[in-house]
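Listed below are the residues making up each chain.
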There are 2 protein chains.
Amino acid sequence: MRDIANKLGVSSVTVSKALNDKEGVSEELKDKIKQLAADMGYRFNSVARSMKDGMSYNIGVVIPERFAGANQFYLHFYEHLSKVLDSHKYYGILQILGAQDEEQLVLPRIYHEKKVDGFIILGQISKEYIELLQQTDVPFLFLDFYTDDVDIDSIISDNFYGMYEMTNYLIKQGHRKIAFVGNIYSTSSIQDRFLGYYKSILEHHLKLKEDYVIPDRDRRGIFIDLQLPDEMPTAFVCNCDHIAYILTNKLKQMGYRVPEDCSVVGFDNDIYSAICDPQLTTVEVNVEEMSQAAVKSIIQKVRNPKYTIGRQMVKGTIIHRQSVSAIRQSV
Amino acid sequence: MRDIANKLGVSSVTVSKALNDKEGVSEELKDKIKQLAADMGYRFNSVARSMKDGMSYNIGVVIPERFAGANQFYLHFYEHLSKVLDSHKYYGILQILGAQDEEQLVLPRIYHEKKVDGFIILGQISKEYIELLQQTDVPFLFLDFYTDDVDIDSIISDNFYGMYEMTNYLIKQGHRKIAFVGNIYSTSSIQDRFLGYYKSILEHHLKLKEDYVIPDRDRRGIFIDLQLPDEMPTAFVCNCDHIAYILTNKLKQMGYRVPEDCSVVGFDNDIYSAICDPQLTTVEVNVEEMSQAAVKSIIQKVRNPKYTIGRQMVKGTIIHRQSVSAIRQSV
DNA sequence: CTGAAAGCGCTTACAG
DNA sequence: CTGAAAGCGCTTACAG
């Protein structure tokens with residue numbers, strides 16, 4: 001392409017400078033070159049640039065298989081990431097990490113082919129896989145989860161305070177018998193949400209009854225049947241909207257009215273909170289802001305491998321809907 | 001990297017051949033080279049290959065903004081595409097086409113930077129934008145929609161026969177008063193689904209009453225309030241699960257029982273058919289097969305620009321659930 | 001079976 | 001303000 005632009009009588013160096021608005025070319029020449037380039041339908045070849053400076057300007061977004069598919073939340077997240085990357089002149093390449101590849105510690109092809117400058121890992125992966133990633137020289141960060149290793153950058157929703165405030169809110173509404181729904185060994189998100197709940201319980205000198213912590217899924221993340229406690233709580237704090245939705249339907253089937261007999265709250269503000277009847281009071285994860293933070297950080301890390309952010313929290317917001325009712329205190 | 005491999009005493013040409021399992025290198029040497037490459041942590045540089053053969057091995061998947069976000073269906077589609085592309089050694093780059101860019105006929109950056117070898121357009125775009133695409137020399141095909149221009153390749157769900165068979169099924173169940181829900185001027189999918197419905201109506205010598213065709217959305221795809229006909233139908237054929245879900249709730253609110261008083265069927269087999277109470281009988285779009293077809297075709301087109309497939313249909317399947325009941329025929 | 005040469009399209013010093 | 005030279009890492013003829 002550039003040779004043809006040369007037929008304007010200048011060298012390719014000058015054309016390059018003009019098209020990139022660099023110094024060292026007169027304004028007239030620049031305009032002339034830009035004009036001709038447009039007329040000739042010239043398209044910049046990003047591959048050549050990548051060849052030169054060793055950057056692909058691609059970021060790999062890795063989602064473990066078990067979080068894709070069913071969980072539209074991460075796909076929705078990916079959509080945001082993709083837009084934000086675009087606005088930073090980068091591109092996202094989605095990589096679903098197969099269960100088998102994760103198990104057998106196989107790095108994705110985008111790694112082996114140097115297709116990407118860095119990774120955003122969206123959704124918790126195994127410890128072994130994390131170690132594998134650390135052995136590479138490719139920068140990466142975790143999005144929406146973290147591990148006990150402080151050295152790994154991660155951007156997470158403020159699960160702890162989100163659930164803490166949500167539980168506080170229920171207590172203010174007069175609730176005292178409050179159960180938590182979620183497998184607290186499953187992911188760091190769920191664990192933190194539980195701890196936020198627990199902090200609120202402790203602060204208000206309530207007891208944490210063992211059967212008030214109700215597991216919702218097995219180790220592979222598959223939902224299991226919920227075991228309700230003998231003494232019914234007046235409120236259920238669920239680790240996500242999906243299980244809150246399932247619980248609400250189960251309660252209704254059992255003859256309980258929501259929220260008159262039991263209040264139910266969720267987390268995520270995804271589609272399940274909207275389609276639930278009644279609609280769920282929930283905590284909205286700030287996907288937009290988290291995406292912005294993740295993209296900015298990974299680009300920084302690509303440019304400067306020593307750049308670190310540690311654990312970065314992004315606050316959520318309580319969305320008030322119809323699944324909570326205040327109760328009068330008896331006793 | 002390759003120079004270092006050279007320190008095994010051979011040329012880079014030989015290394016290239018060995019790593020690509022090409023002819024002209026002895027088996028021993030190949031093994032030795034592969035071994036050393038693995039030991040040294042050599043990673044192939046796909047950029048250099050792209051530079052050489054002018055292919056990026058990326059396919060742009062373009063989703064108009066109005067179909068993303070709310071409509072998880074296309075994101076789910078993208079996930080499949082991404083996997084299938086991966087299995088063909090290609091990569092997908094998601095491009096949300098902004099409403100403004102579409103309006104002002106701005107081609108995406110992945111075009112201007114030669115980031116992709118071809119486009120899969122996922123979701124109907126404006127006529128003007130299609131003409132713009134035709135003026136480029138980049139191969140593209142339409143997925144899940146088509147236009148009146150026969151020359152443009154497209155892969156679509158067999159909307160027509162899907163809805164035709166669904167309507168036949170309702171008639172077999174004894175229904176005679178059957179309404180269609182959908183804006184028939186909105187997209188080709190909806191139009192075809194309507195026509196499949198209409199074919200069934202015609203074949204059974206039923207009348208198409210004007211108020212039995214109920215618009216569900218405005219020109220921008222925003223759902224509008226449904227205007228039910230004066231004489232209630234016994235069955236509603238909806239152009240998608242989402243509106244079927246909305247309709248079902250509206251009917252229940254008005255005091256009708258579904259399916260006892262009215263049957264409701266949808267299309268897509270997406271989340272709305274699962275969460276609807278009762279769950280919806282619907283037509284499942286074969287996303288997997290459509291993704292396979294789209295990826296194979298676009299790769300063929302990239303390799304040979306003259307390759308065309310025309311309009312390729314992929315059959316759907318009726319999923320039977322609880323939203324239809326048979327009725328006895330009176331009169 | 002092995003390798004020297006050339007080239008893909010750009011950019012980065014550097015020299016004029 | 002402008003350009004000649006070199007190089008990014010690979011592959012494709014072609015010659016030995």
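Residues numbered from 1 in each chain as written. Chains lettered and ligands numbered in written order. Predicted model: local features only at pLDDT ≥ 70, side-chain atom pairs only at ≥ 80, totals over all residues. Heavy atoms only, no water.

- The name that an unreviewed UniProt entry assigns to chain A is LacI family transcriptional regulator, with the source organism given as Xylanibacillus composti.

1. With respect to the overall build of chain A
No. 1: Along its length, chain A carries 13 helices and twelve strands.
No. 2: Taking 20 Å as the expected radius of gyration for a compact globule of 331 residues, we find that chain A reaches 26 Å, considerably beyond that expectation.
No. 3: Taken over the C-alpha atoms alone, chain A extends approximately 95 × 40 × 35 Å along its principal axes.
No. 4: Relative to its full complement of 331 residues, chain A shows a buried share of 53%.
No. 5: Residue pairs at least 24 apart in sequence account for 65% of intrachain contacts in chain A once pairs closer than 6 positions are excluded.
No. 6: Averaging the locations of the 38 positively and 44 negatively charged side chains of chain A gives two centres separated by 4 Å. (Helix = DSSP H or I, 4+ residues; strand = E, 2+ residues; numbered from the N terminus. Rg over C-alpha atoms; globule rule 2.2 N^0.38 Å. Buried < 20%, exposed > 50% of the residue type's maximum accessible area, 1.4 Å probe, protein only. Contact = heavy atoms within 4.5 Å. Lys, Arg positive; Asp, Glu negative; His and termini not counted. Charge placed at Lys NZ, Arg CZ, Asp CG, Glu CD.)

2. Some words on the protein's contact with DNA strand D
No. 1: Residues in contact with DNA strand D amount to 23 residues; listed here are only the nearest, T14(A), K17(A), G24(A), S16(B) and Y42(B).
No. 2: For DNA strand D, the fraction of atoms within 4 Å of the protein that belong to sugar or phosphate moieties is 57%.
No. 3: S16(B) places a side-chain nitrogen or oxygen 2.3 Å from a phosphate oxygen of DNA strand D.
No. 4: Between N20(B) and DNA strand D, the recorded distance is 3.1 Å, taken from a side-chain N or O atom to a phosphate oxygen.
No. 5: Among the secondary structure elements, those contributing two or more residues to the surface near DNA strand D are α2 (12-19) and α4 (46-53) of chain A together with α2 (12-19) and α4 (46-53) of chain B.
No. 6: Broken down by class, the residue content of the surface near DNA strand D amounts to ten nonpolar, eight polar and five charged. (Near = heavy atom within 4 Å. Polar contact = N/O pair within 3.5 Å; in protein donor to acceptor, adjacent residues only side chain to side chain. Nonpolar A, V, L, I, M, F, W, Y, C, P; charged D, E, K, R; others polar.)

3. Regarding the environment of F180(A)
No. 1: With respect to the helices and strands, F180(A) occurs in strand β6 (residues 178-181).
No. 2: Sequence-distant contacts of F180(A), defined by excluding residues within four places in its chain, comprise M163(A), I190(A), R193(A), F194(A), Y197(A), Y212(A), V213(A), I214(A), V237(A) and N239(A).

4. What to know about the interface of chain A and chain B
No. 1: Across the boundary between the two partners, chain A contributes 46 residues, which contact 46 residues of chain B.
No. 2: Interface area, chain A with chain B, both sides summed: about 4100 Å², of which 54% is carbon and sulfur.
No. 3: When the area that chain A buries against chain B is broken down by residue, the three leading residues are R43(A), Y91(A) and R109(A), summing to 20%.
No. 4: Counting every contact that joins chain A to chain B gives six salt bridges.
No. 5: Linking R109(B) and D86(A) is a salt bridge whose minimum nitrogen-to-oxygen distance equals 3.0 Å.
No. 6: The interface formed by chain A and chain B includes 25 residue pairs in polar contact (both at pLDDT 80 or more). (Buried area = accessible area lost by both parts, 1.4 Å probe. Salt bridge = Lys/Arg side-chain N within 4 Å of Asp/Glu carboxyl O.)

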